[in-house]
Amino acid sequence: MSTNEWVFGSSPESDVWVPESTVSASHCSLRKTSQGYRLRDLDSTNGTFVDGAKIRQPTSIGPETHVMLGGLITLPWPEKEGASRVVRFGRGSQNDYVIDAPNVSTFHGEIVVGHSGTWVVVDLGSTNGIGLKQGRKFHVIRRAAMISPNDTLLLGKTELRVQDITPLFRGTPASDSVTGSRPALSAEHPAVDNASTDELPQAARSAAIPRLSTATPLASAPAWLLFGVGLLIAVLVYVWFVALR
């Protein structure tokens with residue numbers, strides 16, 4: 001598929017994954033041409049609508065055109081051109097949001113906010129990819145995916161909560177925002193607390209499985225109990241000694 005064309009659909013294999021039940025696996029395509037953008041419905045079940053009208057042939061649109069998938073889902077705009085705001089994240093210091101983790105690429109991805117308020121995460125050819133959390137599992141995206149500020153992304157082995165980046169979308173200077181993200185394999189991370197250990201990487205499973213205490217019963221006993229046991233032993237020894245006499 002050309003980088004100038006995006007296929008939208010509910011399949012994770014789509015160029016822009018739209019995880020909604022009313023969207024077909026391959027719903028529609030958006031192609032960038034020298035004359036602008038052309039939208040085409042791919043024989044979807046619930047149709048593609050431009051300004052309220054169902055399209056039946058390729059239709060010219062722009063970044064601010066009102067497009068609905070299945071009549072319920074707004075088309076998530078994936079192109080930087082015409083976007084309301086774009087925030088790039090990665091390990092390099094040139095990013096808008098820097099994530100200091102070895103499994104994160106220098107320029108890992110970006111979040112594109114469209115004029116209609118849609119959010120799209122785009123993989124910038126990262127080494128370890130981007131996963132989108134759905135339920136208890138992460139699904140690796142092909143090129144991009146529709147997201148919300150409440151979603152969690154997986155960059156290699158590092159989790160990134162989209163809400164951590166939201167100050168940048170409100171116009172907050174990057175220097176005032178929190179830089180970095182929490183590692184996915186932290187025992188304190190909600191993803192470990194809520195997920196089945198069978199669905200986690202080995203390191204995460206180790207963090208999620210409770211550790212057995214290595215302390216002996218006497219070592220962990222209260223001081224008063226140890227004193228009582230010692231006193232009882234002393235009395236028994238004294239009685240035994242007196243009996244021998």
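Everything below is about the structure shown above.
What you see is a predicted model, and the numbers here were worked out from it, not measured in a lab. (Residues numbered from 1 in each chain as written. Predicted model: local features only at pLDDT ≥ 70, side-chain atom pairs only at ≥ 80, totals over all residues. Heavy atoms only, no water.)

Trainee: What's the story with the environment of V112 in this structure? I'm lost.
Mentor: Locating V112 in the fold gives a position in strand β12 (residues 109–113). Note on V112: relative accessible area 0%, which makes it buried. C-alpha of V112 to C-alpha of S84: the two residues are 28 residues apart in sequence and 7.7 Å apart in space. The residues contacting V112, other than those within four sequence positions of it, are W77, P78, E79, A83, R85, V86, T118, W119, V120 and V122. (Helix = DSSP H or I, 4+ residues; strand = E, 2+ residues; numbered from the N terminus. Buried < 20%, exposed > 50% of the residue type's maximum accessible area, 1.4 Å probe, protein only. Contact = heavy atoms within 4.5 Å.)

Trainee: Can you help me understand the sheet that holds strand β9 (residues 73–74) in this one?
Mentor: The strands that make up a sheet pair up through hydrogen bonds in the backbone, lying either parallel or antiparallel. Pairing is antiparallel across the open sheet formed by four strands, whose spatial order is β6-β5-β8-β9. The open sheet has two free edges, formed respectively by β6 (53–54) and β9, since each of these has just one partner strand. Pairing between strand β8 (residues 67–69) and β9: two bridges, direction antiparallel. Across the sheet, the residue bridging to M68 is T74, located in β9. (Pairing = 2+ DSSP bridges.)

Trainee: Got a minute to help me understand the packing of aromatic side chains in this structure?
Mentor: Each aromatic ring pair is specified by the distance between its two centres and by the angle formed by the two planes. Per the counting criterion, the structure on display carries one aromatic pair. Summarising the aromatic geometry, the rings of Y37 and W77 are spaced 4.9 Å apart at their centres and angled 75 degrees between planes, so their arrangement reads as edge-to-face. One end of the pair, Y37, is in strand β4 (residues 36–41); the other, W77, is in the loop between β9 and β10 (85–90), and 40 residues separate them in sequence. Both residues of the pair, Y37 and W77, count as buried. One residue, R143, lies across the ring of W6, its end atom 3.8 Å from the ring centre. (Phe/Tyr/Trp six-rings, centres within 6.5 Å; stacked < 30°, edge-to-face > 60°. Lys NZ or Arg CZ within 6 Å of the ring centre and 35° of its normal.)

Trainee: What is the right way to look at the pairing of strand β1 (residues 5–9) in this model?
Mentor: Taken residue by residue, a regular strand's side chains alternate between the two faces of the sheet. The buried count for β1 comes to five of five residues, which makes it a mostly enclosed element. Of the two faces of β1, the one holding E5, V7 and G9 and the one holding W6 and F8 are both buried throughout. Both β1 and strand β3 (residues 28–33) contribute to a ladder of four bridges, which runs antiparallel. Among the inter-strand pairings, E5 is bridged to a residue of β3, identified as R31. Here two bridges tie β1 to strand β2 (residues 16–17), and the two strands are oriented parallel to one another. In the sheet register, F8 faces β2, and the bridge partner there is V16.

Trainee: Hey, could you run me through the side chain of S44 in this one?
Mentor: Considering the arrangement of structural elements, one finds S44 in the loop between β4 and β5 (48–50). Taking relative accessible area as the criterion, S44 reaches 10% and is therefore assigned buried. A distance of 2.7 Å separates polar atoms of two side chains, one belonging to S44 and the other to D41. Filtering out sequence-adjacent residues up to four positions away, S44 remains in contact with S24 and H27. (Polar contact = N/O pair within 3.5 Å; in protein donor to acceptor, adjacent residues only side chain to side chain.)

Trainee: Explain the pattern of salt bridges here, please?
Mentor: Between side chains of opposite charge, a pair can form when the charged atoms approach closely. In this structure the tally under the stated criterion is five salt bridges. The shortest N-O distance in the salt bridge between D15 and R143 comes to 3.7 Å. One end of the pair, D15, is in the loop between β1 and β2; the other, R143, is in the loop between β15 (137–140) and β16 (144–147), with 128 residues separating them in the sequence. One exposure class covers both D15 and R143, and it is buried. Salt bridges sharing partners connect three or more residues here, namely D15, R142 and R143. (Salt bridge = Lys/Arg side-chain N within 4 Å of Asp/Glu carboxyl O.)

Trainee: Just to check I follow, could you spell out the pairing of strand β18 (residues 158–161) for this structure?
Mentor: Looking at chain direction, strand β17 (residues 152–155) and β18 are connected through four bridges and run antiparallel. Bridge pairing in β18 places L153 opposite L160. In this antiparallel pair of consecutive strands, β17 and β18, the connection spans two residues, and G156 shows a positive phi of 65 degrees.

Trainee: What is the right way to look at the environment of Q94 in this model?
Mentor: With respect to the helices and strands, the residue Q94 is situated in the loop between β10 and β11 (97–98). Q94 sits in the exposed class, given a relative accessible area of 51%. For the pair Q94 and T106, spaced twelve residues apart in sequence, the C-alpha to C-alpha distance is 8.8 Å. Beyond its immediate stretch of four places on either side in the chain, Q94 contacts R88 and F107.

Trainee: How should I be thinking about unusual backbone geometry in this particular structure?
Mentor: Note: most peptide bonds trans; most residues except glycine with negative phi. Positive phi, normally seen in glycine, also occurs at D43, with a value near 55 degrees. Structurally, the position occupied by D43 is in the loop between β4 and β5. Of the residues examined, D43 reaches a relative accessible area of 76% and is grouped as exposed. Phi angles above zero are rare outside glycine, and D51 is one such case at about 50 degrees. Mapped onto the elements of the fold, D51 is located in the loop between β5 and β6. Accessibility expressed as a relative area gives 57% for D51, which makes it exposed.

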